[in-house]
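# Observations on chain architecture
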Amino acid sequence: MSTTTTIDARVARTPLGVEIVTGERGPGRLPGERAPRARPHRLQATDGGEYLFVGLRGAAVPPDTEPATLHLAPGDVCFYDARHPAALDFPERFRATVFLVPSDLLGLTPADARRITRTPVTRASRLGTLLSPLLSGLARTASQAGPPVGEMLAWNAVNLLATLAAEQVRAQAPDTPGAPDGQAPVLGRILEYVELHLTDPDMSPEGIARAHHISVRYLHKLFQDEGTTVGRWILRRRLEACRRDLARHRRGSRTIAAVAGRWGFTSATHFSRVFRTAYGMSPREWRDAAGRR
């Protein structure tokens, strides 16, 4: 990561490639994984203050042939592809908080990442009002605290960013074709419901449909139109939550079975099998790799 244009910067590093950079910056380019070859997006602001940026590592998003100029205001949260860091057209001095996070830790597909890097989360939005100051405070404290407190705060920030990213993906998704009048927003409410009930092992399509006053058939159609199924989506989100927990909890602090049970898996054997299928290694190998990194 390059931070050559950062003045008085603090950098907090955690396992699995998460970094938090805070500091005062002059005009330049956001931190990235390598020198960009393509013409980058340009981020523009006219006011001083603090801005929050989330660099997605490993997002595999092809650069736009016609890069856009995005306009930001203090407190806005802007996602960008860390392989193609954005150029900044900002006041001479402003405060920046930059999270560099592997996109898979946020549960993002390349298509998801492409969606959210085009639309900043404004400070005036519902989630922006709630999360912008919270993320800023977590970043400052994490960069000043030593391990393990700093790591724990950084992982809390990652979890908040995952929530913010999921909300942005839903907001940027096209309306579901063929949905009844007034029902297009129902998918967003369903996804939020799933997030809130991931720890419930009894969550089922029938229960989800009943909670939203729709038929099970229509529920399955909503997910089919998004290229997935209800079961696969729930499994994916549970596995991502387990993976974050396993990276945070070292050997001896919490058993693998306890982590799996916390997120709705009733069988440790089944959890180990689906985890290996999804990530190419066992939960134990993942936790040990996180500990070494």
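Anything mentioned here points back to the structure above.
We now turn to the structure provided with this report. Quantities reported herein were computed from a predicted structural model and do not represent experimental measurements.

## Looking at the overall build of the protein
Looking only at helices and strands, the protein features 10 helices and eight strands. Counting over 293 residues, the protein shows a buried share of 49%. Across the protein, every contact between residues at least 6 apart in sequence was considered, and the portion connecting residues at least 24 apart equals 73%. Entry remark: accessible area of the protein is about 13900 Å², with carbon and sulfur atoms responsible for 51%.

## Some points on the pattern of salt bridges
Tallied over the entire structure, the rule returns 10 salt bridges. Taking the shortest distance from any N to any O, the salt bridge between Glu 240 and Arg 237 comes out at 2.1 Å. A residue pair is termed a helical-turn pair when its members lie 3 or 4 positions apart in one helix, as Glu 240 and Arg 237 do in helix α7 (residues 230–248) at three residues. On the basis of relative accessibility, which here comes to 6%, the residue Glu 240 falls in the buried class. With a shortest N-O distance of 2.5 Å, Asp 245 and Arg 262 are connected by a salt bridge. With Asp 245 in helix α7 and Arg 262 in helix α8 (residues 256–262), this residue pair connects regions lying 17 residues apart in the sequence. On the basis of relative accessible area, Asp 245 is assigned to the buried category, the value being 2%. One salt-bridge network, in which partners are shared between bridges, spans Asp 112, Glu 195, Arg 236, Arg 237 and Glu 240.

## Focus: the packing of aromatic side chains
Enumeration according to the criterion identifies eight aromatic pairs in this entry. The interplanar angle of 65 degrees and the centroid separation of 4.8 Å between the aromatic rings of Phe 275 and Tyr 279 together place this pair among those described as edge-to-face. Remark: Tyr 279 and Phe 275 occur in helix α9 (residues 268–279); sequence separation between them is four residues, near one turn of the helix. Members of the aromatic cluster, joined through ring pairs, are Phe 265, Phe 271, Phe 275, Tyr 279 and Trp 286.

## Topic: unusual backbone geometry
With a phi close to 60 degrees, His 213 is a non-glycine residue in the positive phi region. When you line up the elements, His 213 lands in the loop between α5 (205–211) and α6 (216–225). Residue classification places His 213 among the exposed positions, given a relative accessible area of 74%.

## A few points about the sheet that holds strand β3 (residues 42–44)
Spatially, three strands are ordered β5-β3-β7 in an open sheet, and the strand pairing comes out parallel. Here the strands that pair on one side only, and so sit at the sheet edges, are β5 (69–71) and β7 (87–89). Neighbour-to-neighbour, the strand axes of this sheet turn through a mean angle of 25 degrees, independent of strand direction. As judged from the three bridges shared by β3 and β5, these two strands associate in the parallel manner.

So, how was this worked out
- Residues numbered from 1 in each chain as written.
- Predicted model: local features only at pLDDT ≥ 70, side-chain atom pairs only at ≥ 80, totals over all residues.
- Heavy atoms only, no water.
- Helix = DSSP H or I, 4+ residues; strand = E, 2+ residues; numbered from the N terminus.
- Buried < 20%, exposed > 50% of the residue type's maximum accessible area, 1.4 Å probe, protein only.
- Contact = heavy atoms within 4.5 Å.
- Areas by Shrake-Rupley, 256 points an atom, 1.4 Å probe, with all protein chains shown as cover.
- Salt bridge = Lys/Arg side-chain N within 4 Å of Asp/Glu carboxyl O.
- Phe/Tyr/Trp six-rings, centres within 6.5 Å; stacked < 30°, edge-to-face > 60°.
- Pairing = 2+ DSSP bridges.
- Axes fitted to C-alpha atoms, helices over the stretch in contact; angles between N-to-C directions.

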